[in-house]
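# A look at the structure
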Amino acid sequence: MERTLILIKPDGVARGLVGQILARIEAKGYRIDALSLRTATADELSAHYAEHEGKPFYQPLVDFMSEGPIVSIIASGQGVIPGFRSLAGATDPTAAAPGTIRGDLGRDWGEKVQKNLVHGSDSVESAEREIGIWFPA
Ligand code: RTP
Ligand code: MG
């Protein structure tokens, strides 16, 4: 079965949106197979965001992701990888369509990094790689 790695980022946990975000994943019909709440280590974040190393938003992104606990989730279901990205909406919460997690629950807070509540894997390869980082066997 197709599976994906979802993160509820520190802004989502701090704002008390975990329940609402999980409810949207479940209401869509995807299954939650694993779930953990904890603060990420520096190693997990550098592995997770390796593709963005060197970009101007990399350090602000890693700092933001270290601010507090994260909920990491493995979710499964046919089409869950693109399906969750479409539930999440566009990266920029100002541009994200209403009806999406980022569009309904997020906004621009005037900070260096886009605080956009959630992460979802963007391909089968990313999903398997990211599941290995957040849920080591
Ligand atoms: P994600 O990986 O978190 O699911 O989001 P995404 O695919 O929509 O966005 P991506 O390009 O992979 O960027 C990863 C995260 O970095 C932050 N970001 N900030 N210019 C900026 O301020 C900027 N660009 C990216 C966001 O938190 C984004 O989700
Ligand atoms: Mg991404």
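Residues numbered from 1 in each chain as written. Chains lettered and ligands numbered in written order. Predicted model: local features only at pLDDT ≥ 70, side-chain atom pairs only at ≥ 80, totals over all residues. Heavy atoms only, no water.

- If you look the chain up in an unreviewed UniProt entry, it shows as Nucleoside diphosphate kinase from Brevibacterium aurantiacum.
- Quoted verbatim from the Sequence similarities (unreviewed entry) field of UniProt, the annotation for the chain is "Belongs to the NDK family."
- Recorded in UniProt for the chain, the comment headed Function (unreviewed entry) runs: "Major role in the synthesis of nucleoside triphosphates other than ATP. The ATP gamma phosphate is transferred to the NDP beta phosphate via a ping-pong mechanism, using a phosphorylated active-site intermediate." (UniProt positions renumbered as here; feature names shortened; annotations may be inferred.)

### Focus: the pattern of salt bridges
- All chains considered together, the criterion is met by six salt bridges.
- E44 serves as the salt-bridge partner of R38, at 2.8 Å between the closest nitrogen and oxygen.
- K115 is the salt-bridge partner of E67, the closest N and O atoms lying 3.4 Å from each other. In this pair, E67 is assigned in the loop between α4 (58-65) and β3 (70-76) and K115 in the loop between α6 (101-105) and β4 (118-120), connecting sequence segments 48 residues apart.
- Overlapping salt bridges bring together E67, E111 and K115 as one network. (Salt bridge = Lys/Arg side-chain N within 4 Å of Asp/Glu carboxyl O. Helix = DSSP H or I, 4+ residues; strand = E, 2+ residues; numbered from the N terminus.)

### What about the UniProt feature "binding site: ATP" (unreviewed entry) in the chain?
- This chain's UniProt record puts "binding site: ATP" (unreviewed entry) on K9, F57, R85, T91, R102 and N116. As for the largest pocket, its lining draws on K9, F57, R85, T91, R102 and N116 from among the annotated residues.
- Take R85: it is sitting in helix α5 (residues 80-88).
- Relative accessible area serves as the criterion here: at 41%, R85 is assigned to the partly exposed category.
- Residues within four places of R85 in sequence aside, it is in contact with G120, S121 and D122.
- Its location among the elements puts T91 in the loop between α5 and α6. (1 Å grid on protein atoms, 1.4 Å probe; cavity = no way out; pocket = protein on both sides within 12 Å on 5 of 7 lines; lining within 4 Å. Buried < 20%, exposed > 50% of the residue type's maximum accessible area, 1.4 Å probe, protein only. Contact = heavy atoms within 4.5 Å.)

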